[in-house]
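For reference, the chains in residue letters:
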Amino acid sequence: MGYVAVKGGTKAIQASVRMYKDKQHAAGYEIEVEHIKANMNQLINQIMSEASLYDRDLAALSILQAEGNMEEAVFLLRAHRSTLPRLHYSTVTNTRDMFVERRVSASFKDIPGGQILGASPDFTHRLLDDDQSFAGNKTAEAYTEIPHTHALDALPKVIDYLEQEGLFSKKPEDDREPDDITKQSIEFPSSRSERLQSLTRGQTGAVTSLGYAEIRGYGYSSHPNIGEVRVGQQPVHIDPFDTGDAYYIGDIELTEVEAFMPADEDDMDDLGNTEKTFKIGYGLTFGQNETKAIAMSVLDYSLEHPVGDAATSDDEFVLLHIDSVESTGFISHLKLPHYVTFQSVLDRVRQTKGEHGQ
Amino acid sequence: MERKRWTSLFIKYGEQEAIEFFNTYQSQVDFDIISEPAEGLTMIKVREHAENSLFYIGEMLVTETKIRQGQTVGLGVVKGSNAKLSEALSFIDLCFKLEVLLEALEDILAKLELKESVFIKSRTNEILKTKVDFDMMAE
Amino acid sequence: MTTMVHETQQHYRKLIDLFSRPGEMEAGTLGIPNFTRFSDAVLATVLTLFDNEVSFSTIEQGDREEFMTLTGAKAAQNSEADFIVVKESELTAEMMETMKVGTLASPEKSATLIIEVEAIGSGHAYQLQGPGIKAVNALGMTLDPKWMALRDVRCAEFPIGIDLILVDRENHMTVIPRTTTVEVV
């Protein structure tokens, strides 16, 4: 049988699109983008992070259009991003300038500036509550000023404390221009900037799973200590005319994690003495995405300090499989027509059978 | 005032004030439009704190307007989709560069600084209510 | 209302047509004030092709700043630039010999030369052949054939090479891509 290219299905496809769109609009229960923006913060955070596009309005719109399907929403945002010109690059953004709204350390109780819990679901009962009321919970309290030693936009980092204790030595600033995986595909072995960019836009579940595997038993196989998780508003600046007189363009919410990994290898100091020190795994994501940021810090460590032939130490294995659009795109394309390629497989099978039969 | 500072005051605390300023004074300064407010992206470069190196965390949506008087360019860039504010900021930037209408601007900025200090104080206080007091726990 | 986007879109269309049909002519226009030493069609080409992802070189400081202001493109050395904007009188053999021609793996990493010449339509008689030309295209322009000889050297090893966008003082434009064989009659 010869292969014939076929076309068809136009009407069926149009009807399918109509059916899909009608289903979304059950009369009387329509919601607006504003509803999503107001009530689905954490979903927006995840989607912005995976899409690597920061805009709460566009993320909310993508959620509405995708009926809450994360992979679809991320796909929509990535597609939208590709229609826009990249006008600027920011100046170097440093999380030391973040206005901190939440900052905890799991390693030191008494950190300069204190443990600031901020807004987190960590301390809530995981019991379903059918009396959700987000609007009326605010009660007026008498204003009492709380004394503090550090402004929230100048909160010292826990790694500074670790350094003071002589347990960590800060590297000199490395100002090499980072690679950009949106312009040039990753080539292996990957660079550090490619790894971090790829990890921060990874699918939340994939990053978390691989991070878990790394510490549970396939690589580092040990318990990292979270030096610091901080969430807050990060100012972003541009300096398009290179004058040193930068423009502020807005705040973005970030989650930052520094995980302490007791190092197995010994470090040599200037005098030739060996000493045990800490290595740091680093995680930074758009929005409040704490689990992902922690898992990112674990994977940053595992790719920077590979152990044996653990899969989580293999940059190609980790980086090429955690991207939402790439993995869901490839998996879901399998359901699309492959009539010709499959026919050719069948032909080969039949041919082999025929040959054996003779 | 440093540009970093005034852009931050207008964007965070003075959107309405910036737009009003533009509406009031736009006829008093001659300018040509290089590009109307248009959406685009800014790639964010960050410093990580493990190896102290740089990487790109992702892009943010911005709206940009560019105007000019002769060789002097006014640039307005702001987070998100916000044509009006971007347009107003490009005008204010041009005014600062041409050194015109400075008194009017400084008046507005003084008010915005006040607004900022009130906001930061109350926001800080709100956040610090969630600060753990270990001494109390030991009692 | 026409904005710069409309204009550059139309200009882009013209450039595409010219790249597809080497040696033909189009007239370029521009609706914004021109503070550079170059003709309007050169500036329109710059506005159309430059953005903050590309680099360029040009000799005069004022022009350089104007291009950077309008497009966000970055200034670079001749040997690093994606585009070189130059008047014929400012061309040097060294510029032509050192500009980027790309590599066999990445021929797109080559430079495009935007040259302002005195006149297109008169001057030396050139004959063009190659993709996009049915038989032979005759092109008159004032560009000195010695520059074309240097260009031929850089385009000897297709797909690497350089592309030329030529514009005259009267805003006539023509394009000679790397695939075109050029002869002086």
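Residues numbered from 1 in each chain as written. Chains lettered and ligands numbered in written order. Predicted model: local features only at pLDDT ≥ 70, side-chain atom pairs only at ≥ 80, totals over all residues. Heavy atoms only, no water.

Caption draft 1: Just the interface of chain A and chain B, in detail. Facing the 81 residues of chain A at the interface are 52 residues of chain B. Between chain A and chain B, the buried area comes to about 6,300 Å², and carbon and sulfur atoms account for 62% of it. When the buried area of chain A at its contact with chain B is split by residue, Tyr247, Tyr248 and Ile249 of chain A rank highest and sum to 11% of it. One can count 10 salt bridges joining chain A with chain B. (Contact = heavy atoms within 4.5 Å. Buried area = accessible area lost by both parts, 1.4 Å probe. Salt bridge = Lys/Arg side-chain N within 4 Å of Asp/Glu carboxyl O.)

Caption draft 2: Broad picture of the environment of Pro224 of chain A. All names here are of chain A. When you line up the elements, Pro224 lands in the loop between helix H8 (204-216) and strand E4 (225-238). A relative accessible area of 8% places Pro224 in the buried class. Considered as a pair, Pro224 and Glu258 are 34 residues apart in the sequence and their alpha carbons are 10.0 Å apart. Setting aside chain neighbours within four positions, we find Pro224 in contact with Ile215, Ala259, Phe260, Met261 and Val298. (Helix = DSSP H or I, 4+ residues; strand = E, 2+ residues; numbered from the N terminus. Buried < 20%, exposed > 50% of the residue type's maximum accessible area, 1.4 Å probe, protein only.)

Caption draft 3: A look at the interface of chain C and chain B. Contact residues are listed per partner, giving 10 residues for chain C and 8 residues for chain B. Both sides together, the interface formed by chain C and chain B hides about 710 Å², and carbon and sulfur atoms give 59% of it. Its largest share of buried area at the contact with chain B, chain C owes to Phe35, Thr69 and Leu70 of chain C, together 52% of the area lost on that side. There are 1 salt bridge connecting chain C and chain B. Across the salt bridge formed by Glu66 of chain C and Arg68 of chain B, the nearest N and O atoms sit 2.7 Å from each other. Counting across the chain C and chain B interface gives 3 residue pairs in polar contact (both at pLDDT 80 or more). In terms of residue class, the side of chain C that touches chain B is made up of 5 nonpolar, 4 polar and 1 charged. (Polar contact = N/O pair within 3.5 Å; in protein donor to acceptor, adjacent residues only side chain to side chain. Nonpolar A, V, L, I, M, F, W, Y, C, P; charged D, E, K, R; others polar.)

Caption draft 4: Spatial organisation of the sheet that holds strand E3 (residues 99-104) of chain A. All names here are of chain A. Strand order in this open sheet of 4 strands is E3-E4-E5-E8, and the pairing throughout is antiparallel. Edge positions in the open sheet fall to E3 and strand E8 (278-286), since each of these has one partner strand only. Mean inter-strand twist for the sheet, computed between neighbouring axes without regard to direction, equals 20°. Where E4 lies against strand E5 (residues 247-262), 13 bridges are found, and the strand directions are antiparallel. In the sheet register, His237 faces E5, and the bridge partner there is Tyr248. (Pairing = 2+ DSSP bridges. Axes fitted to C-alpha atoms, helices over the stretch in contact; angles between N-to-C directions.)

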